[in-house]
Amino acid sequence: MIREARRNDLDGILELYLFLHETEVPNHDQHLNHIWDHILNDPYYHLIVCEEEGKIVSSCTCLVVPNLTHGVRPYVLIENVVTHGDYRGKGYATKCLDYAKEIANANNCYKMMLMTGSKLPSTLKFYENAGYSSSDKTAFNQKL
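Procedures and definitions
- Residues numbered from 1 in each chain as written.
- Predicted model: local features only at pLDDT ≥ 70, side-chain atom pairs only at ≥ 80, totals over all residues.
- Heavy atoms only, no water.
- Helix = DSSP H or I, 4+ residues; strand = E, 2+ residues; numbered from the N terminus.
- Rg over C-alpha atoms; globule rule 2.2 N^0.38 Å.
- Buried < 20%, exposed > 50% of the residue type's maximum accessible area, 1.4 Å probe, protein only.
- 1 Å grid on protein atoms, 1.4 Å probe; cavity = no way out; pocket = protein on both sides within 12 Å on 5 of 7 lines; lining within 4 Å.
- Points joined across faces, edges and corners; volume = space filled by probe spheres on them.
- Nonpolar A, V, L, I, M, F, W, Y, C, P; charged D, E, K, R; others polar.
- Core = buried A, V, L, I, M, F, W, Y, C linked by side-chain atoms within 4.5 Å.
- Contact = heavy atoms within 4.5 Å.
- Patch = residues over 30% accessible without salt bridge, like charges linked within 9 Å, V, L, I, M, F, W, Y side chains within 5 Å.
- Areas by Shrake-Rupley, 256 points an atom, 1.4 Å probe, with all protein chains shown as cover.
- Salt bridge = Lys/Arg side-chain N within 4 Å of Asp/Glu carboxyl O.
- Phe/Tyr/Trp six-rings, centres within 6.5 Å; stacked < 30°, edge-to-face > 60°.
- Lys NZ or Arg CZ within 6 Å of the ring centre and 35° of its normal.

Draft legend 1. Expanded view of the overall build of the protein chain. The helix and strand inventory of the protein chain stands at 4 helices and 5 strands. For the protein chain, the α and β elements follow one another from N to C terminus as β-α-α-β-β-β-α-β-α. A compact globule built from 144 residues would reach a C-alpha radius of gyration of about 15 Å, and the protein chain, at 15 Å, matches this within 12%. Each of the three principal axes of the protein chain carries a C-alpha extent, and together these read 40 × 35 × 35 Å. When burial is assessed residue by residue, the protein chain has 32% of its 144 residues classed as buried.

Following this line, the structure appears as structure tokens:
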């Protein structure tokens, strides 16, 4: 089942992020709870999850960014695309990205963007198969 995250999904999402780049689940403290509330209440922030037999197995973040160009049409930024290691290759991440595209279309967005830190040919091919191109723009990243 593909859907947007619900309040009780936090632990499942944090555990899934261990397959992204996190090395531990953060402590449930006031800061984490504040961020979680913000995510759940922000109309432009869509945390998409794929649930299989009650377990969150894949996810991506879809941010609708208001914009003053391109006819004052917003765009979507995709981040944190991840699938649990035991569930890869079953199309779950593709379904999350497809759901994000539905959100983009519903918001009249003119484009979707994502970046990956992976250089693995299989990962790059996955994004190409999902409709993304690496030849249109050059991405730069500055770590803070």
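Next comes the rest of the account.
Draft legend 2. Geometry of the layout of surface pockets. The volume enclosed by the largest pocket comes to roughly 1,700 Å³. In terms of lining residues, the largest pocket is bounded by 46 residues, among which L114, M115, T116, G117 and Y127 are the most central. Elements that contribute at least two residues to the lining of the largest pocket include exactly β4 (75-83), α3 (92-106), β5 (112-114) and α4 (121-129). In the lining of the largest pocket, the residues fall into 20 nonpolar, 15 polar and 11 charged. Each pocket or cavity is described by its volume, and for the second largest pocket that value is around 300 Å³.

Draft legend 3. Looking closely at the nonpolar core. By size, the foremost hydrophobic cluster in this structure holds 20 residues, and its most contacted members are I48, C60, C62, V76, I78, V81 and L97. Breaking this core down by element, the ones donating at least two residues are β2 (45-52), β3 (55-65), β4 and α3. The element contributing the most residues to this core is α3, with 7 residues. Discounting residues that sit within four places of it in the chain, I48 has contacts with I2, R3, E4, S58, S59, C60, C62, C96, Y99, A100 and I103. Counting residues in each nonpolar core, the second largest holds 14 residues, with L10, W36, V49 and V82 among its members.

Draft legend 4. Region of interest: a nonpolar patch on the surface. Residues L18, F19 and V25 make up a contiguous nonpolar surface patch of roughly 210 Å² in combined accessible area. Positionally, L18 belongs in the loop between α1 (10-16) and α2 (30-41). When its relative accessible area of 37% is taken as the criterion, L18 is described as partly exposed.

Draft legend 5. Spotlight on the packing of aromatic side chains. Taken as a whole and judged by the stated rule, the model has 3 aromatic pairs. In this structure, K111 packs its charged tip against the face of Y75, placed 5.6 Å from the ring centre.

Draft legend 6. Main features of the pattern of salt bridges. Throughout the structure, instances matching the rule amount to 3 salt bridges. Across the pair R3 and D9 runs a salt bridge, and its minimum N-O distance is 2.6 Å. For D9, a relative accessible area of 7% gives the class buried. Notably, a salt bridge pairs R7 with D37, separated by 2.7 Å at the nearest N-O pair.

Nothing here speaks to function; it is geometry throughout.
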